[in-house]
Amino acid sequence: MNVAVILAAGKGLRAGGELPKQFVSVQGKMIIEYSLTTFQNHPAIDEVAIVVSPEYMSLIQQLKDKSRYSKLKQILQGGAERYQSSWAAIQHYAQYSDCQLLIHDAARPLISSEVISSVLDTLKHNNCAIVAIPATDTVLYSEDEQHIASVPPRKKMFYAQTPQAFRLETIKKAFEIGLKDEQFNPTDDSSVVLRYLPDEKIAIVLGEAVNRKITFKEDLNWLNSQ
Ligand code: CTP
Ligand code: MG
């Protein structure tokens with residue numbers, strides 16, 4: 001079973017505004033509905049789960065009641081940190097055997113069907129796959145956040161996107177180990193596997209520049225102009 005997990009429990013503080021960015025309407029459709037539609041229409045996606053905070057459960061329930069999203073089967077409650085929202089989905093699907101989770105940011109509306117297909121192809125031979133694009137700017141590493149400590153070669157640098165996809169047992173095991181670590185505070189899911197299951201390979205799947213994350217108000221303006 002291939003499950004798309006759309007993470008939508010964030011507050012969108014950097015974008016500001018009254019509503020968290022994933023629920024803002026752009027060209028007549030909420031941002032979260034863009035990726036929901038793409039997953040719904042992908043023939044290899046069996047089910048979609050949306051992870052949301054309690055205040056917005058009823059809003060997503062209304063989407064679920066619309067017959068156009070027949071694959072939207074689960075509305076799960078997220079947590080204060082992104083990893084807690086991922087963990088809610090991992091725990092829910094732990095009851096199924098032979099399950100693959102494609103964990104996606106609701107804030108990335110323009111994920112394409114082609115990239116989803118590449119992720120699923122990659123998962124046929126790998127337990128973990130991450131969508132990423134080659135870095136276009138030189139990336140600087142700083143220890144103190146004020147001075148440059150090193151400049152990693154740009155050719156080896158990528159910008160991480162989502163979906164980040166995993167065989168369920170793999171991501172579950174990584175989180176179970178990580179959650180016991182007092183320092184656990186990952187910003188994405190692949191980094192949990194990298195850190196806590198260092199022998200697992202995480203394959204890079206080539207993403208697209210349009211699969212950009214809506215983070216600031218300017219990104220909303222960009223989406224409006226697409
Ligand atoms: N997310 C989530 N649960 C959280 C935090 C984030 O499900 N506790 C989701 C967001 O809804 C978003 C994705 O993870 O779709 C990427 O996170 P980010 O861009 O950081 O969104 P926010 O946390 O909402 O924004 P900000 O950090 O500016 O408050
Ligand atoms: Mg955030």
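Everything that follows concerns the structure shown earlier in this document.
All values reported here derive from a predicted model rather than from experimental measurement.

On to the layout of surface pockets. Its volume calculated, the largest pocket comes out at about 1,100 Å³. Considering the residues around the largest pocket, the lining is formed by 34 residues, among which Gly10, Arg14, Lys21, Arg82 and Lys213 are closest to the centre. Contributing elements (two or more residues each) for the lining of the largest pocket: strand S1 (2-8), helix H3 (82-93) and strand S8 (158-167). When residues of the lining of the largest pocket are assigned to their parent elements, the largest contribution, four residues, is made by S8. Tallied by class, the residues present in the lining of the largest pocket amount to eleven nonpolar, 13 polar and ten charged. Quantified by volume, the second largest pocket comes out at close to 180 Å³. The wall of the second largest pocket is formed by Ile130, Ala132, Phe158, Tyr159, Ala160, Ser190, Ser191, Leu194, Ile202 and Ile204. Within the residue set of the lining of the second largest pocket, elements represented by two or more residues are strand S7 (128-134), S8, helix H6 (190-196) and strand S9 (202-206).

This part is about the sheet that holds S9. Strand order in the open sheet formed by seven strands is S5-S4-S1-S6-S8-S7-S9, and the pairing between neighbours is mixed. Looking at the sheet topology across the chains shown, the edges are occupied by strand S5 (72-77) and S9. Ignoring which end each strand starts from, the neighbouring axes of this sheet average 25 degrees apart. Strand direction decides the pairing type here: S7 and S9, joined by five bridges, are parallel. By the bridge assignment, Ile130 is partnered in S9 with Ile204.

As a further point, take a nonpolar patch on the surface. Where nonpolar side chains cluster on the molecular surface, the patch consists of Leu140, Ile148 and Val151 and spans about 290 Å² of accessible area. Its location among the elements puts Ile148 in the loop between S7 and S8. Its relative accessible area of 55% is what places Ile148 among the exposed residues.

Next up on the list: the pattern of salt bridges. Inspection of the entire model under this criterion finds ten salt bridges. A salt bridge links Arg82 to Asp189, with the nearest nitrogen and oxygen atoms 2.9 Å apart. Taken together, the residues Arg82 in helix H3 and Asp189 in the loop between helix H5 (168-178) and H6 connect sequence positions 107 residues apart. Residue Arg82 is classed as partly exposed on the basis of its relative accessible area of 24%. Note on Asp189: relative accessible area 1%, which makes it buried. Note that Arg195 and Asp181 form a salt bridge whose closest N and O atoms lie 3.7 Å from each other. One end of the pair, Arg195, is in helix H6; the other, Asp181, is in the loop between H5 and H6, with 14 residues separating them in the sequence. Judged by relative accessible area, Arg195 falls into the exposed class, the value being 52%. Bridged by salt links that share partners, the residues Arg82, Asp105, Arg108 and Asp189 form one connected network.

Summarising the element assignment, Ser85 is placed in helix H3. Setting aside its immediate chain neighbours within four residues, Ser85 contacts Leu7, Ala9, Val51, Gly78 and Gly79.

Below, the discussion takes up the site of ligand 1. Taken together, 19 residues surround ligand 1, and among them Gly12, Leu13, Gly79, Ser85 and Lys213 come closest. Between ligand 1 and Ala106 there is a distance of 3.1 Å, counted from an oxygen atom to a backbone nitrogen or oxygen. Contacts to ligand 1 include Ala107, whose backbone N or O atom sits 3.2 Å from an oxygen atom. In the complex, 89% of the free accessible area of ligand 1, which totals 560 Å², lies under the protein chains.

How each quantity is defined
Residues numbered from 1 in each chain as written. Chains lettered and ligands numbered in written order. Predicted model: local features only at pLDDT ≥ 70, side-chain atom pairs only at ≥ 80, totals over all residues. Heavy atoms only, no water. 1 Å grid on protein atoms, 1.4 Å probe; cavity = no way out; pocket = protein on both sides within 12 Å on 5 of 7 lines; lining within 4 Å. Points joined across faces, edges and corners; volume = space filled by probe spheres on them. Helix = DSSP H or I, 4+ residues; strand = E, 2+ residues; numbered from the N terminus. Nonpolar A, V, L, I, M, F, W, Y, C, P; charged D, E, K, R; others polar. Pairing = 2+ DSSP bridges. Axes fitted to C-alpha atoms, helices over the stretch in contact; angles between N-to-C directions. Patch = residues over 30% accessible without salt bridge, like charges linked within 9 Å, V, L, I, M, F, W, Y side chains within 5 Å. Areas by Shrake-Rupley, 256 points an atom, 1.4 Å probe, with all protein chains shown as cover. Salt bridge = Lys/Arg side-chain N within 4 Å of Asp/Glu carboxyl O. Buried < 20%, exposed > 50% of the residue type's maximum accessible area, 1.4 Å probe, protein only. Contact = heavy atoms within 4.5 Å. Near = heavy atom within 4 Å. Polar contact = N/O pair within 3.5 Å; in protein donor to acceptor, adjacent residues only side chain to side chain.

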